[in-house]
Amino acid sequence: MLVTQQPVLNRFWYPVMPIAKLIDKMPDAFELLGQKIVLWLDTEGQPVAVRDRCCHRTAKLSKGTVINGCIQCAYHGWLYNGQGVCVKVPQSSPDQKIPSSYKVDSFKCAERYGYVWVCLDNEPLLPIPSVPEAEDPANRIIPQCYDLWQCSGLRVMENSFDNAHFSFVHAASFGSIEQPKPAPSEITSLDFGLVIKSEVPVINPPAQQKNLGMTEAYTTRFVESTWHMPFSRTLKITYPNGLMHSIFTAATPVSDRTSQIVQFCVRNDTEADASAEDIIAFDRQVVLEDRVVLETTNYDTPLDVTVEQHMPSDQPGIVMRRKLLSLFKQHGEKEQLLPFQ
Ligand code: FES
Ligand SMILES: [Fe+2]
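We now turn to the structure provided with this report. (Residues numbered from 1 in each chain as written. Chains lettered and ligands numbered in written order. Predicted model: local features only at pLDDT ≥ 70, side-chain atom pairs only at ≥ 80, totals over all residues. Heavy atoms only, no water.)

### A word on the sheet that holds strand β9 (residues 106-112)
Reasoning step 1: With antiparallel pairing, six strands are arranged side by side in an open sheet as β1-β10-β9-β4-β3-β2. Taken across any chain shown, the strands that pair with only one partner, and hence form the sheet edges, are β1 (14-18) and β2 (28-32). Each strand of the sheet is rotated relative to its neighbour by a mean of 30°, with strand direction disregarded.
Reasoning step 2: As paired elements, β9 and strand β10 (residues 115-119) share five bridges and run antiparallel to each other. (Pairing = 2+ DSSP bridges. Helix = DSSP H or I, 4+ residues; strand = E, 2+ residues; numbered from the N terminus. Axes fitted to C-alpha atoms, helices over the stretch in contact; angles between N-to-C directions.)

### Describing the pairing of β2
Reasoning step 1: Side chains D28, F30 and L32 of β2 all project onto a buried face; the interleaved residues A29 and E31 project onto a face where none is buried.
Reasoning step 2: Inspection of the sheet shows β2 paired to strand β3 (residues 35-41) by five bridges, in the antiparallel sense. Directly across from F30, in β3, lies its bridge partner I37.
Reasoning step 3: Turn length for the β2-β3 hairpin, with the two strands adjacent in sequence and antiparallel, is two residues, and the turn residue L33 shows positive phi of about 50°. (Buried < 20%, exposed > 50% of the residue type's maximum accessible area, 1.4 Å probe, protein only.)

### Notes on helix α7 (residues 315-330)
Reasoning step 1: Compared with an ideal rise of 1.5 Å per residue, which puts 16 residues at 22 Å, α7 spans 22 Å between its outermost C-alpha atoms and is within 8% of the ideal.
Reasoning step 2: Of the positions making up α7, those classed as buried are P316, G317, I318, V319, M320, R321, K323, L324, L327 and F328.
Reasoning step 3: Summarising the contacts, the buried residues of α7 are in contact with α3 (153-160), β12 (185-190), β13 (193-203) and β14 (218-228). (Expected span 1.5 Å × (residues − 1). Contact = heavy atoms within 4.5 Å.)

### Some details on the packing of aromatic side chains
Reasoning step 1: The tally for this structure, following the rule as stated, stands at seven aromatic pairs.
Reasoning step 2: Ring centres of F166 and F174 lie 5.2 Å apart, and the angle between their planes is 55°; this geometry places the pair in the tilted category.
Reasoning step 3: Looking at F174, the relative accessible area reads 4%, which means it is buried.
Reasoning step 4: Ring geometry for F248 versus F264: centroids 5.1 Å apart, planes at 25°, classification stacked. Residue F248 is located in strand β16 (residues 244-253), and its partner F264 is located in strand β17 (residues 259-267); the two are separated by 16 residues in the primary sequence.
Reasoning step 5: Within the aromatic cluster, the residues linked to one another by ring pairs are Y113, Y115, W117, F248 and F264. (Phe/Tyr/Trp six-rings, centres within 6.5 Å; stacked < 30°, edge-to-face > 60°.)

### Here's the deal with a positive patch on the surface
Reasoning step 1: Taken together, the side chains of K25, R53, K60 and K63 make up a positively charged region of the molecular surface.
Reasoning step 2: Secondary-structure assignment places K63 in the loop between β4 (47-51) and β5 (65-67). (Patch = residues over 30% accessible without salt bridge, like charges linked within 9 Å, V, L, I, M, F, W, Y side chains within 5 Å. Areas by Shrake-Rupley, 256 points an atom, 1.4 Å probe, with all protein chains shown as cover. Salt bridge = Lys/Arg side-chain N within 4 Å of Asp/Glu carboxyl O. Lys, Arg positive; Asp, Glu negative; His and termini not counted. Charge placed at Lys NZ, Arg CZ, Asp CG, Glu CD.)

### What about helix α6 (residues 276-294)?
Reasoning step 1: If you check α6, its first and last C-alpha atoms are 26 Å apart, about what 19 residues at 1.5 Å a residue would give, namely 27 Å.
Reasoning step 2: Considered for burial, the residues of α6 that qualify are A276, I279, F282, D283, V286, V287, E289, D290 and L294. End-on view of α6: buried residues confined to an arc of 165°, all on one side of the axis. Those residues of α6 that are exposed and angled more than 90 degrees off the buried face are E277 and V292.
Reasoning step 3: Check the buried side of α6 and you find it contacts β11 (140-149), α3, α4 (166-169), α5 (206-212), β16 and β17. (Arc of directions from axis to C-beta.)

### Overview of unusual backbone geometry
Most peptide bonds take the trans configuration, and most residues that are not glycine carry a negative phi.
Reasoning step 1: With an omega dihedral of 5°, the bond running from M26 to P27 counts as a cis peptide bond.
Reasoning step 2: For the bond from M229 to P230, the omega torsion is 0°, close enough to zero to count as cis.
Reasoning step 3: Tracing the chain through its elements places P230 in the loop between β14 and β15 (232-238).
Reasoning step 4: Notably, L33 is not glycine yet its phi reads approximately 50°, a positive angle.
Reasoning step 5: The residue L33 is located in the loop between β2 and β3 in this model.
Reasoning step 6: For L33, a relative accessible area of 8% puts it in the buried group.
Reasoning step 7: Unlike most non-glycine residues, N68 shows phi in positive territory, near 50°.

So, in structure tokens, the structure goes:
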């Protein structure tokens, strides 16, 4: 599947960057599904996104300057608002009307959970994925990853639901090589995703013991994991002591071969119980273990389930492939692939 060649994928919301990054420095550029966009904050502090190409002589607006909630092109100073409409041409006199064709495409943009989300289509198929734990003010949100991976989003998603890789990929963190048999999981299909429930026995290494407030060498993760089509998931883990550690991860599609990994976790404990720094350190170790392997996989991930071989624990990844194929079919699309595999 070549994500930039499946137009229906433009109809989903994707997290593109932490809002703190934009507050720190704007404008900023991002590439979403091959579309180059520029982002900044308007006068109300709301993020806005337009195509990163001036309609005058195609200069990148992301090289410009934000002035009073608008962006000024660095080349001749044309000024655009957050809707992409040119509101000032410095070379014209104030009484001259600006032609309505002086505009660039703008995109739907919103802030949620501390991140800027963009949908390239005016009619999203779904709202921004719901992370109920992140809406509860009693919980804390900890940003964990903002990394560019050379990997397809589908590979990242199926990896998240794959109980068979822990013993190998995560042998240095929580996986047990003595227990290669994956924990069984119960799958429920959703209209635009799936949920799995599983009880996963894991190693509880010293670095994690203080994060979890548990000194046992082994523990059990009670997992409820939701795939939000196409490239987001929430991994809600509850431990025997009642600690909730819910990890939201998106593999935002940048191009056919590249994904922006956006991850935060939500916990029902406090900084005094476990420091954000230690929690980030452990989860980043796990994520980097996945990265090493996933970046070696074929980014043109085939949806045809006869192309790769499977085992029973691959069922979530198979459901994902079928659901994506069915989505494409509903929207009159065929899976687009590289000409030669
Ligand atoms: S190229 Fe942007 S104002 Fe001329
Ligand atoms: Fe993993």
